[in-house]
Amino acid sequence: MLTLALSKGRIFEETQPLLEAAGVHCAEKPESSRKLILPTSDPNLRLLIVRASDVPTYVQYGAADFGIAGKDVLLEHGGEGLYQPIDLQIAKCRMSVATAKDFDYANAVKQGARLRVATKYVKTAREHFAAKGVHVDIIKLYGSMELAPLVGLADVIVDLVSTGGTLRANNLVEVEEIMTISSRLVVNQAALKMKHTALQPLLAAFEQASQK
Ligand code: PRT
Ligand code: MG
């Protein structure tokens, strides 16, 4: 039996075509079924529906043999115990710095100002500003980062941007792109050895489908 951990929402939706390409069909949708373990048309493959940020943990400890998680999530987790063979090229976006429209980010950086940064991505944000030589106080939030600059909680946010619609709706502007983000397949290192024969065809099909 193989267990694949993934989150509902965009990652589940964008994984469907990859599973179909591997000849696997999943009849139940996590949004409607409420089940956390979903069977598939392959009696040897089941799906675990977990929070996006919990995927690396389930795979690291072997509760799932493999999983699908964003690069944003994997960088925060650190990737310990995980083998990352394939960039699936799904759930694409970018991680960026954004500020209120009237905040002069370039000037603040030039002046060597100490910046208050609100983000869910503490590790990535810290590394980004350290590499630029910018001093920061990081304020950890769990969601709705866009609010922080509007109410004076932070000068800047580090968040994911895809269409830019959320920033625009909140009068924020993207001032710096940190990196592009996509979702990766991660495999438990022990499972990769012990279940190699069962995993191999799925990994190959995912790899081929994601390159189209
Ligand atoms: O929602 P929940 O708190 O359960 O967890 P999550 O937000 O981590 O999960 P989910 O399903 O929303 O995101 C899963 C993965 O999708 C992330 O880890 C990213 O790798 C990837 N992804 C791709 C995105 C986006 N695009 C994205 N646009 N994740 C989040 N967003 C959010 C962003 O944070 C911002 O609030 O969408 C908003 C911006 O979108 P635009 O289109 O308005 O720019
Ligand atoms: Mg979300």
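Under an unreviewed UniProt entry, the protein has the name ATP phosphoribosyltransferase and belongs to Parvibium lacunae. Recorded under Sequence similarities (unreviewed entry), the UniProt text for the protein is reproduced unchanged: "Belongs to the ATP phosphoribosyltransferase family. Short subfamily." Per UniProt, the comment on the protein under Catalytic activity (unreviewed entry) is "1-(5-phospho-beta-D-ribosyl)-ATP + diphosphate = 5-phospho-alpha-D-ribose 1-diphosphate + ATP".

Caption draft 1: Examining the overall build of the protein more closely. Each helix and strand counted, the protein has ten helices and nine strands in total. Dimensions along the principal axes, computed over C-alpha positions, put the protein at roughly 60 × 35 × 30 Å. Across the 212 residues in the protein, those meeting the buried criterion constitute 33%. The long-range fraction of contacts in the protein, counting pairs at least 24 apart against all pairs at least 6 apart in sequence, stands at 65%.

Caption draft 2: Representation of the UniProt feature "domain: ATP phosphoribosyltransferase catalytic" (unreviewed entry) in the protein within the structure. With numbering aligned to this structure, UniProt lists the feature "domain: ATP phosphoribosyltransferase catalytic" (unreviewed entry) at residues 51–207. Annotated as residues 51–207, this span is 36% helix and 36% strand, and its ends, taken at the C-alpha atoms, are 24 Å apart.

Caption draft 3: Seen up close, the nonpolar core. Counting residues in hydrophobic clusters, the biggest one holds 32 residues, and the most contacted among them are L4, A5, L6, V55, V59, L185 and V186. Residue contributions to this core peak at five residues, all from strand β5 (residues 82–100). In this structure, L185 is in contact with F66, I68, P85, I86, L88 and F206, ignoring residues within four places of it in sequence. By size, the runner-up hydrophobic cluster in this structure holds 17 residues, among which are Y121, A154, V158 and L172.

Caption draft 4: Here's a closer look at the site of ligand 1. Residues in contact with ligand 1 amount to 23 residues; listed here are only the nearest, A52, G70, C93, T163 and T166. In terms of residues, the shell around ligand 1 owes the most to one element, strand β8 (residues 156–161), which gives three residues. The residues that make up the shell around ligand 1 include at least three from each of domain 1 (2–91 + 182–210) and domain 2 (93–180).

Caption draft 5: Layout of the sheet that holds β8. Pairing is mixed in the open sheet, where nine strands are placed in the order β2-β3-β1-β4-β9-β5-β8-β6-β7. Edge positions in the open sheet fall to β2 (37–39) and β7 (136–140), since each of these has one partner strand only. On average, adjacent strands in this sheet sit at an angle of 25 degrees to one another, irrespective of strand direction. Examined bridge by bridge, strand β4 (residues 66–70) and strand β9 (residues 172–188) share five bridges and lie antiparallel to one another. Bridge pairing links G70 to S183 in β9. The strands touched by helix α10 (residues 196–210) within the sheet are β1 (2–6), β4, β5 and β9, with β5 carrying the most contacts at an inclination of about 45 degrees.

So, how was this worked out
Residues numbered from 1 in each chain as written. Chains lettered and ligands numbered in written order. Predicted model: local features only at pLDDT ≥ 70, side-chain atom pairs only at ≥ 80, totals over all residues. UniProt positions renumbered as here; feature names shortened; annotations may be inferred. Helix = DSSP H or I, 4+ residues; strand = E, 2+ residues; numbered from the N terminus. Buried ≥ 20, exposed ≤ 12 C-beta atoms within 10 Å, placed from the backbone. Contact = placed C-beta atoms within 7 Å. Core = buried A, V, L, I, M, F, W, Y, C linked by C-beta atoms within 7 Å. Near = placed C-beta within 6 Å. Domains from an automatic or database assignment. Pairing = 2+ DSSP bridges. Axes fitted to C-alpha atoms, helices over the stretch in contact; angles between N-to-C directions.

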